[in-house]
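As a plain string of letters, each chain reads:
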Amino acid sequence: MKIEETKLLHTDVLIIGGGTAGCYGALTLRKHSDLSIMIAEKAHIKRSGCLAAGVNALNAYIVEGRTADDYVNYQLKDANCIVREDLAITMCEGLNRVTAELEKLGLVILKNPDGTYVARGNRNIKINGENIKPILADAVASLDNVTIINRLVITDYIVENNTILGAVGFHIDTGIAYEIRAKYVIIATGGASGLYRPNNPGFSRHKMWYSPFNTGAGYAMGIRHGAEMTTFEMRFIALRCKDTIAPTGTIAQGVGALQVNSRGEVYETKYGITTSERVYGTVKENIDGHGPCYLETTNISDEQNSDLLKAYLNMAPSQTLRWIENGTGPKAENVEIEGTEPYIVGGHTASGYWVDTNRETTIKNLYAAGDVAGGCPQKYVTGALVEGEIAALAIIEKEKHLGTHINSHEHLQNLALQDEYNQYLLSPGEPKPRFSVYDLEEAMQKVMDTYAGGISTMYQYTTKQLEKAEQEISRIEELVTQVKVEAVRELVFVYELKERLTVCHVLIAHLLGRKETRWHTFGEFLDYPESSDAGLHYVNSKLVDGRIQVLERPLVKRGERYEHSYS
Amino acid sequence: MSIAIHKDKCIGCKRCSIVCPGSLIVIDDDKKARIAYPRDCWGCVSCVKECPVSAIDFYLGADMGGRGSTMTVSSEDSYLHWHIQKYDGTTQTITIDRRESNQY
């Protein structure tokens, strides 16, 4: 099957990715403007993005007695100072507003008798989030003048004179190519998983922390068009329940379980409890021969045991199945933990587009929200919603001033689009190529694991290894040109691989660019095992004449607003 | 980690195929659903919840410590019933009221 038709569509605002941030961007745009909106979603918005299985807490909320500034201080501590404070504070100021909105839409939040939300620690509130994504999706589907195109895979932006004019893609089911012209684009495609060899590399290869369907599309499209990126070297490595890769926060924060080694010694006090230190301690204890490591749960009550089985069903049901299948549970045995492979994800660490305070990228009229946007870690669900809101409000404001701006080519401009896609589709009778997408994906993951600080090297790397990684990723990238697949459905896999390889190049450049070890495990640079004040800047990058240029940018502090200076 | 779709129970409503966040489920010529890429399953169980006739179960791969037990889900008003069929033949059901929050 080949792609034989291209459709031209027009909209005021194109939202690429109908996940957490994208959906909230649409809700905000419709609430405050009459701009036409189109959402291009790779899957179906009902369960797409990071929230497919649900969540059981909102991890970013300003609880009673705390302030937005307290949350920013937490972000700064956890990210060891590499935070855009303008982005952090503007996000924090919106956290409680979007939470109230979610509750209005139908999200169940646990309350005290006086009507306030029940806090879980200093920043979290407890919810039933099993159906959080259907709640958001239903709200978006009920809006007027919003076109949702499900199963439309966006593969490239249309950019002229550093200004976004829309995007192109293809539809998984119909095999029709699309050229979508838009005045503004919000990119909300999430982060990138699958760069490194995962914890379960075989049959359960996709049983990973982050959505395996978030493949760095947004990053890759921006990188290719010269958008500036920031802090890719702050990789995210999650501390998870072993094998099921289910969350540990529910146990650590929910029932106060401590991290213990195989001798029963509490080790978290030895290494610290920032996000990266919790992983680092676990890695070190294993190296020192004190593994396996656990969360100590055997001291919980029967009621807590039963509640935990339910809590996991609302977000990671495989963990509950695992307990029941083995006839155990958290009360019967401690929960074994491990670090995951590294991810690039701007909702947890600070990797992503370099945006101004309004979340506009360095490509004009292209806004980034959620995991794809950099500079602002610990966004989690509510922070992603706020960024969707900020981007939407900024677009509305800009449109008021630039209302006459027109981008309405009547005819298709991208005439080579079908050829671009069809080069990867087998013709009838054509032999299958030697290497499959899976082969190359596995090869990429092996390279990153071995030479760019994956699980097998305890997240450590050297300059020489990173240089080798860059060579090998380039080799694999050349092989992609020979790949061909039988169905349009599988064309998605080709583009996902290409996206990941582009992200790998930039990631390697960033790892080389930060000559220190600022966050143990997230970046464990053996040539520079310490951190110093010389590292108190952002490591940014952009593609110039086909080469990745690494830049240093000074820290943006609270009270400042950051605006791009286009040169 | 993956799912199995039981053709004998499938009524061809396509809801699983629509909702899968990885677009991994296809509808065959016999109008029945099939997971075309079982190794690509994230284990989010969206399809399991969506199926109106409990024709889809999920299980843990052997590499995740699985022993062959399966899980299906049925909905009734605001309740989700999680049915576990254990490998030793025993069964267990956990019911969750969507109107009630998690405690942790």
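Residues numbered from 1 in each chain as written. Chains lettered and ligands numbered in written order. Predicted model: local features only at pLDDT ≥ 70, side-chain atom pairs only at ≥ 80, totals over all residues.

## Here we look at the interface of chain B and chain A
The extent of an interface is frequently quoted as the accessible surface area lost upon association of the parts.
Inference 1: Taken together, the contact between chain B and chain A spans 37 residues of the former and 47 residues of the latter.
Inference 2: Only helix 1 (15-19), strand 6 (79-85) and strand 7 (91-97) of chain B provide two or more residues apiece to the side of chain B that touches chain A.
Inference 3: For the side of chain B that touches chain A, the element with the most residues is strand 7 of chain B, which contributes three residues.
Inference 4: Residues of the side of chain B that touches chain A, tallied by class, amount to 18 nonpolar, eleven polar and eight charged. (Contact = placed C-beta atoms within 7 Å. Helix = DSSP H or I, 4+ residues; strand = E, 2+ residues; numbered from the N terminus. Nonpolar A, V, L, I, M, F, W, Y, C, P; charged D, E, K, R; others polar.)

## Digging into helix 2 (residues 68-78) of chain A
All names here are of chain A.
Inference 1: Taken residue by residue, helix 2 has Tyr71, Val72, Tyr74 and Gln75 as its buried positions. What you see down the axis of helix 2 is that its buried residues fit within an arc of 155°, all on one side.
Inference 2: Where helix 2 is buried, its residues meet helix 3 (85-92).
Inference 3: Note on helix 2: the residue one or two positions beyond its end, Asn80, has a positive phi of about 45°. (Buried ≥ 20, exposed ≤ 12 C-beta atoms within 10 Å, placed from the backbone. Arc of directions from axis to C-beta.)

## Some points on the pairing of strand 10 (residues 177-187) of chain A
On any regular strand, side chains alternate: one points to one face of the sheet, the next to the other face.
All names here are of chain A.
Inference 1: With respect to burial, strand 10 is a largely interior element, ten of its eleven residues being buried.
Inference 2: As defined by bridge partners, strand 1 (residues 6-16) adjoins strand 10 across ten bridges and the pair is classed as parallel. For Leu9, the partnering residue across the bridge sits in strand 10 and is Ile180.
Inference 3: Strand direction decides the pairing type here: strand 9 (residues 163-171) and strand 10, joined by five bridges, are antiparallel. Within the sheet, the bridge partner assigned to Val168 lies in strand 10 and is Glu179.
Inference 4: Two successive antiparallel strands, strand 9 and strand 10, enclose a turn made up of five residues, where Gly175 displays a positive phi of approximately 70°. (Pairing = 2+ DSSP bridges.)

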